[in-house]
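Observations on chain architecture
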Amino acid sequence: GNRQILTSIHGFEDALAERSVVTQEAGPQVQWILTRGLNWGTDQVVKGRRGWLYFRPTLDYLSGPGFLEPSVLSRHETGGPAWKERLQPDPLLAIGDFAAQLAERGIGLIVVPTPVKAALHPEGLASGLNDDLPLTNPSLGRFLERLAAMGIPARAPAALLAQARIEKPWAQYLRTDTHWTPQAMEFVAEDLAAFINRHAPLPEGRHAAYTRREAWIRGRGDLASLVRLPAGREIFPPELVRTQPVTGEDGELWQADPAADVLLLGDSFTNIYSQGELGFGEGAGFAEQLSYYLGRPVDKLAINAGGPSAGRERLAADLARGDDRLASKRLVIYQFS
């Protein structure tokens, strides 16, 4: 069960903690020796078996206390810069307030909490961890139940991706990167579009015809880059992925439409196959796939590495400057990992 799984992760992390002093000080040459010869990662990256890499904070999230526990919430209530002290530490209160503000303008909200890699692919940590997937933080179930009680629709794809692990011939996440594979992302986008059509039907009249083509991209995983190996001694090969860039009727790559009535508010899981600087191509990200499956334009505001509150903060900042990103919207999709 989950208790045994989390105990295994805790044991794995205890061993890593003993190495952290060394790995924090290691230069590229020393890091290469530790990684290649001793199978060590870094203070941020866990080197698992069979080429799997994991972002250390995501293991803390899965094996740590529930994020809704009072002791966890209290750690975010004080301290830090002044702007951070203004943040609401309880995600349910924050999302409830966000939903209420949107509702005042006639805009719906759908929440899409995206699972971390180890939740679906923990096999790099220890054997026998694939028997009870997805792995979850203890508070996730209560979080989703409370959202439902508040009348806020949520589409959590963890269970969908766990089932896909059994039924589909592809991995759900990249081995050397934080993010999902293109196939998993497209699968979730298709499911989310169907969920929207069932539970939040949109007005007619904004339909658009999109097409997709196949593009194979060879990219270097963000976790492999964080290991800081010396040039010429990389031991984690680039990953080859099949993406499907989306094009409009003019044949040009999909672009976010500020006039669209759907806004996707996301993070790097939305951007991974959309922004070329992330290393895995462009025009094929989560917003593009959602737009393709909905058959209508979509607006996008996705911020990498900013945390779940970054998109909402940007919306507020834009509004304060007179740029109302919500002016034409009828639905906001709130994706965060």
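Rules used throughout
Residues numbered from 1 in each chain as written. Predicted model: local features only at pLDDT ≥ 70, side-chain atom pairs only at ≥ 80, totals over all residues. Heavy atoms only, no water. Buried < 20%, exposed > 50% of the residue type's maximum accessible area, 1.4 Å probe, protein only. Helix = DSSP H or I, 4+ residues; strand = E, 2+ residues; numbered from the N terminus. Pairing = 2+ DSSP bridges. Axes fitted to C-alpha atoms, helices over the stretch in contact; angles between N-to-C directions. Parallel < 35°, antiparallel > 145°, perpendicular 65-115°, else oblique. Left-handed = near helix turned anticlockwise from the far one by under 90°. Contact = heavy atoms within 4.5 Å. Salt bridge = Lys/Arg side-chain N within 4 Å of Asp/Glu carboxyl O.

Let us look at the pairing of strand β6 (residues 239-243). Taken across its 5 residues, β6 has 4 buried, putting it largely inside the fold. Bridge count for strand β5 (residues 215-219) against β6 is 5 bridges, and the pairing is antiparallel. Bridge pairing in β6 places G219 opposite E239.

Moving on: the packing of helix α10 (residues 182-199) against helix α13 (residues 286-294). The axes of two packed helices give the description: the angle between them and the distance between them. Where α10 contacts α13, the two axes come as close as 8 Å, and the packing angle between them is 45 degrees. Regarding the angle of α10 to α13, the classification is oblique. α13 is crossed by α10, and the crossing has right-handed handedness. Within the contact between the two elements, α10 uses M185, E186, V188, A189, E190, L192, A193, I196 and N197 and α13 uses F286, Q289, L290, Y293 and L294.

In this section: the environment of S268. If you trace the backbone, S268 turns up in helix α12 (residues 268-271). For S268, a relative accessible area of 14% corresponds to the buried category. For S268 and L278, which are 10 residues apart along the polypeptide, the C-alpha to C-alpha distance reads 8.9 Å. In contact with S268, other than residues within four places in its own chain, are H179, I303 and N304.

Before going further, it helps to spend a moment on the pattern of salt bridges. Using the criterion set out here, one finds 11 salt bridges in the structure. For the salt bridge of D261 with R296, the shortest nitrogen-to-oxygen distance reads 2.8 Å. Pair noted here: D261 is in the loop between β7 (246-247) and β8 (262-266) and R296 is in the loop between α13 and β9 (299-302), with a separation of 35 residues, a long-range link. The class for D261 is buried, based on a relative accessible area of 6%. The salt bridge partner of D299 is K329, with a shortest N-O separation of 3.3 Å. One end of the pair, D299, is in strand β9; the other, K329, is in the loop between α14 (310-320) and β10 (331-336), with 30 residues separating them in the sequence. The class for K329 is buried, based on a relative accessible area of 0%. Within this structure, D299, D318, R321, R325 and K329 form a network of salt bridges that share partners.

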